[in-house]
Amino acid sequence: MSENYDVVIIGSGAGGGTLAYALADSGKRILLLERGDFLPRELDNWDPKPVFVDGKYISADTWYDQDGKAFQPQVHYFVGGATKLYGAALYRLRPKDFGELKHVSGISPAWPLSYDDFEPWYSKAERLYQVHGNGGEDPTEGYRSEPYPWPAVSHEARIQELCDDLAKGGYHPFHAPCGIMLDEANRPNSSCIRCAWCDGYPCLVHAKADAEVIAVRPLLDYPNVTLLTGAEVTKLETDDAGRTVTGVVVSRHGQREVYQGDIVAISAGAANSAKILLNSANDSHPHGLANGSDQVGRNYMAHNCKAIVSLSKEKNDTVYQKTLGINDFYFATKDYQWPMGNIQMLGKSNAEAMRGEQPEKTMFAPEWTLSDVAEHAVDWWLTTEDLPVPENRVTTDKDGNVHLTYSSTNIEEEDRLYAELKVVLNHVGMAAHHVLRKKFYMDMDVPLAACAHQAGTCRFGTDPATSVLDVNCKAHEVDNLYVVDTSFFPSIGAVNPGLTAIANALRVGDHLLGRMA
Ligand SMILES: Cc1cc2nc3c(=O)[nH]c(=O)nc-3n(C[C@H](O)[C@H](O)[C@H](O)COP(=O)(O)OP(=O)(O)OC[C@H]3O[C@@H](n4cnc5c(N)ncnc54)[C@H](O)[C@@H]3O)c2cc1C
Ligand code: SF4
């Protein structure tokens, strides 16, 4: 089979799904190729055992580490990609993240565009993904051309208490930006029911602003948009000169199919986009498509993340906990010369998910059952920037499989942020030794596998010798090839990457509309 489209988009997650949405009204013929299927709506969506203990929605993919040892990456192949499971914490990068920042392990390089260049796209992205927030509370945030489209999600009583105690302690807690369709002023008609099954779970009632619900589903009736599921792109073919992609090769239901697009946009996630390019080597591109710079697959980043449970004597009966953030340690402080990162809340612990990992007994209450621990738990998510290092990279073997070589950077900053959190907890009545690692949220024992925040591998820039993509995310070496997922990040900052991927897809979409006009 060979069919021609104006645009072929590979992957339907934050980048690809949003790009399809941005282009759909143009009437151009768009083909969206997604290797996964629609995620089923079933009670298991909101059950911690299948989701966290059994890993029901983690794809049965096999990647290999630098020693050739196989592991199962925590990736999600569905319409909507990783956003089906994401926590919908939709942060903008800070303005300083777009410049060069010095870290303990080296330099976080400047982007070729500034925060001001991205600001209009962040505003559009927040409108599209219905982000709830309250500008002006977080001292590190950048200029906003418009307020958040929705009021911040309110804190429940225990979190409000924490927020008040933090403010009394001199910190600057803020309402975290959340992409959930919650209408607190009109709860009977709110799509979101404010439940405890959001962060790391699919939303059973389709009220999370994920790429399937926000971007792809609204296009299903468009006559000019075709979505093919179960369509795994295996390689791209080019003309003899290597300047134009002429064929998108797909494996679907065990068959080989080839599609053509005047424009081809890869958005398969940072590792898989690199995989497709590397597996598309040909005579004109012997080291992989668009890889004359040898940068494809390099500079893989994944954030240094810690999931933490702190225990207090008071019960924490919060249902939706992800409402608070702290950026007091995002950059250097007067006591520490390096940036440390972001602190935010995680979805609330429950005994069922904890049972999957059997946490160590606490000195605080050795007699407590897991239910007691879960009832008193307050859950935190710490993110420290991870630097783009050329040696941290995706390669493929002769069978086309992903090999991931990765060592964390900025560990000292990550440890310092954890230490700062313990000090913070002392201010809010939770002593430092009442803190546990919450491993079930992401399997921290296999750091390679925890690739939820994967980025890098095809960075954008102005110099073809050191970057894969130009500032419009077009491959320097190929005239009709774009990469529109988190691969383009030259650095990752220390906030969740989703909103930046979405904003960039809208930006690139606008460029493509101009190009095709
Ligand atoms: C548990 C979890 C929690 C998270 N929480 C947050 C959060 O709170 N806030 C935030 O900002 N970010 C969060 N993230 C990260 C966020 O979801 C990702 O940064 C974002 O989805 C990346 O977008 P992307 O387009 O690069 O990739 P994805 O959204 O993963 O999309 C890639 C798509 O490509 C498809 N694909 C892959 N290979 C192929 C192929 N060969 N052919 C065809 N299709 C292919 C995949 O199936 C997938 O649909 C979280 C992620 C996880 C897993
Ligand atoms: S909190 Fe709202 S958006 Fe999140 S899973 Fe529950 S109903 Fe869905």
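Fair warning: this is a prediction, and the values are worked out from it, not measured in the lab.

Rules of the game
- Residues numbered from 1 in each chain as written.
- Chains lettered and ligands numbered in written order.
- Predicted model: local features only at pLDDT ≥ 70, side-chain atom pairs only at ≥ 80, totals over all residues.
- Heavy atoms only, no water.
- Phe/Tyr/Trp six-rings, centres within 6.5 Å; stacked < 30°, edge-to-face > 60°.
- Helix = DSSP H or I, 4+ residues; strand = E, 2+ residues; numbered from the N terminus.
- Buried < 20%, exposed > 50% of the residue type's maximum accessible area, 1.4 Å probe, protein only.
- Near = heavy atom within 4 Å.
- 1 Å grid on protein atoms, 1.4 Å probe; cavity = no way out; pocket = protein on both sides within 12 Å on 5 of 7 lines; lining within 4 Å.
- Sits in = over half its atoms within 2 Å of the grid points.
- Nonpolar A, V, L, I, M, F, W, Y, C, P; charged D, E, K, R; others polar.
- Polar contact = N/O pair within 3.5 Å; in protein donor to acceptor, adjacent residues only side chain to side chain.
- Contact = heavy atoms within 4.5 Å.
- Points joined across faces, edges and corners; volume = space filled by probe spheres on them.
- Pairing = 2+ DSSP bridges.
- Axes fitted to C-alpha atoms, helices over the stretch in contact; angles between N-to-C directions.
- Parallel < 35°, antiparallel > 145°, perpendicular 65-115°, else oblique.
- Areas by Shrake-Rupley, 256 points an atom, 1.4 Å probe, with all protein chains shown as cover.
- Salt bridge = Lys/Arg side-chain N within 4 Å of Asp/Glu carboxyl O.

1. Quick word on the packing of aromatic side chains
Move 1: Tallying each qualifying case throughout the model produces 20 aromatic pairs.
Move 2: With a centroid separation of 6.0 Å and an interplanar angle of 50°, the aromatic rings of F118 and Y122 are classed as tilted. One end of the pair is F118 and the other is Y122, both in helix 3 (residues 115-128) and 4 residues apart, which spans about a single turn.
Move 3: Taking the relative accessible area as the measure of exposure, F118 reaches 0% and is therefore buried.
Move 4: The exposure class of Y122 is buried, given its relative accessible area of 0%.

2. Let's talk about the site of ligand 2
Move 1: Neighbouring ligand 2 are 13 residues; C192, C195, W197, C198 and C203 lie closest to it.
Move 2: The cavity where ligand 2 resides is the second largest cavity.
Move 3: Looking at the shell around ligand 2 residue by residue, the classes come out as 11 nonpolar, no polar and 2 charged.

3. Examining the environment of G27
Move 1: Relative to the helices and strands, G27 resides in the loop between helix 1 (14-24) and strand 2 (30-33).
Move 2: As for G27 and N224, which are separated by 197 residues in sequence, their C-alpha atoms are 5.9 Å apart.

4. Considering the side chain of N299
Move 1: One can find N299 in the loop between helix 6 (270-278) and strand 14 (304-311).
Move 2: On the basis of relative accessibility, which here comes to 3%, the residue N299 falls in the buried class.
Move 3: Within the structure, the side chain of N299 is placed 3.2 Å from the side chain of Q295, a separation counted as a polar contact.
Move 4: Beyond its immediate sequence surroundings of up to four residues, N299 is in contact with P388, V389, P390, N392, A455, G456, T457 and R459.

5. Some words on empty space enclosed by the protein
Move 1: Applying the stated criterion across every chain, the model contains 6 cavities of 30 Å³ or more.
Move 2: One number sums up the size of the largest cavity: a volume of about 130 Å³.
Move 3: Forming the walls of the largest cavity are 15 residues, and the residues nearest its centre are R94, D138, E141, Y148 and P177.
Move 4: In terms of residue class, the lining of the largest cavity is made up of 6 nonpolar, 3 polar and 6 charged.
Move 5: Roughly 80 Å³ of internal volume is contained in the second largest cavity.
Move 6: For the lining of the second largest cavity, the per-class residue count stands at 11 nonpolar, no polar and 2 charged.

6. Side note on unusual backbone geometry
Move 1: Look at A290: it is not a glycine, yet its phi comes out positive at around 65°.
Move 2: Mapped onto the elements of the fold, A290 is located in the loop between helix 6 and strand 14.
Move 3: Using a relative accessible area of 2% as the deciding quantity, one classes A290 as buried.
Move 4: At N410, a residue that is not glycine, the phi angle is positive and equals roughly 55°.
Move 5: Mapped onto the elements, N410 comes out in the loop between strand 19 (402-405) and helix 9 (411-427).

7. Considering the sheet that holds strand 3 (residues 63-65)
Move 1: With respect to topology, 4 strands assemble into an open sheet ordered 4-3-19-18, the strand pairing being mixed. Looking along the sheet, the strands with just one partner apiece sit at the ends: strand 4 (70-71) and strand 18 (393-396).
Move 2: Note that strand 3 and strand 19 share 2 bridges and pair parallel. The partner of Y64 across the bridge, within strand 19, is H403.
Move 3: Where helix 6 meets the sheet, it contacts strand 3, strand 18 and strand 19, and its direction lies at approximately 40° from that of strand 18.

8. Some points on the packing of helix 3 against helix 10 (residues 498-516)
Move 1: Helix 10 packs onto helix 3 with a crossing angle of 110° between their chain directions and a minimal axis gap of 8 Å. In terms of orientation, helix 3 lies roughly perpendicular with respect to helix 10. Residue-level inspection shows F118, W121, Y122, K124, A125, E126 and L128 of helix 3 in contact with helix 10, the latter providing L499, T500, I502, A503, N504, L506, R507 and D510.
Move 2: Tallied by class, residues from the contact of helix 3 with helix 10 come to 9 nonpolar, 2 polar and 4 charged.

9. Comments concerning the site of ligand 1
Move 1: If you check the shell around ligand 1, you find 36 residues, and the closest are G15, E34, A89, V233 and G498.
Move 2: A distance of 2.6 Å separates an oxygen atom of ligand 1 from a polar atom in the side chain of E34.
Move 3: Summarising the interface, the protein chains cover 95% of the accessible area of ligand 1, which totals 1000 Å² for the free molecule.
Move 4: Of all the secondary-structure elements, those providing two or more residues to the shell around ligand 1 are helix 1, strand 11 (231-238) and helix 6.
Move 5: Considered class by class, the residues forming the shell around ligand 1 number 17 nonpolar, 15 polar and 4 charged.

10. Description of the environment of G81
Move 1: Mapping G81 onto the fold places it in the loop between strand 4 and strand 5 (101-103).
Move 2: Sequence spacing of G81 and V233 is 152 residues, and the spatial spacing of their C-alpha atoms is 15 Å.
Move 3: What G81 contacts, discounting residues up to four positions off in sequence, is S12, G13 and H76.

11. So, the pattern of salt bridges
Move 1: Under the criterion given, the structure shown has 31 salt bridges.
Move 2: A salt bridge links R194 to E156; the nearest nitrogen and oxygen atoms lie 2.9 Å apart. On the criterion of sequence distance, the pair formed by R194 in the loop between strand 9 (173-175) and helix 5 (211-216) and E156 in the loop between strand 8 (150-151) and helix 4 (157-168) is long-range, its members being 38 residues apart. Residue R194 shares its accessibility class with E156, and that shared class is buried.
Move 3: Notably, a salt bridge pairs E184 with R194, separated by 3.3 Å at the nearest N-O pair. On the criterion of sequence distance, the pair formed by E184 in the loop between strand 9 and helix 5 and R194 in the loop between strand 9 and helix 5 is long-range, its members being 10 residues apart.

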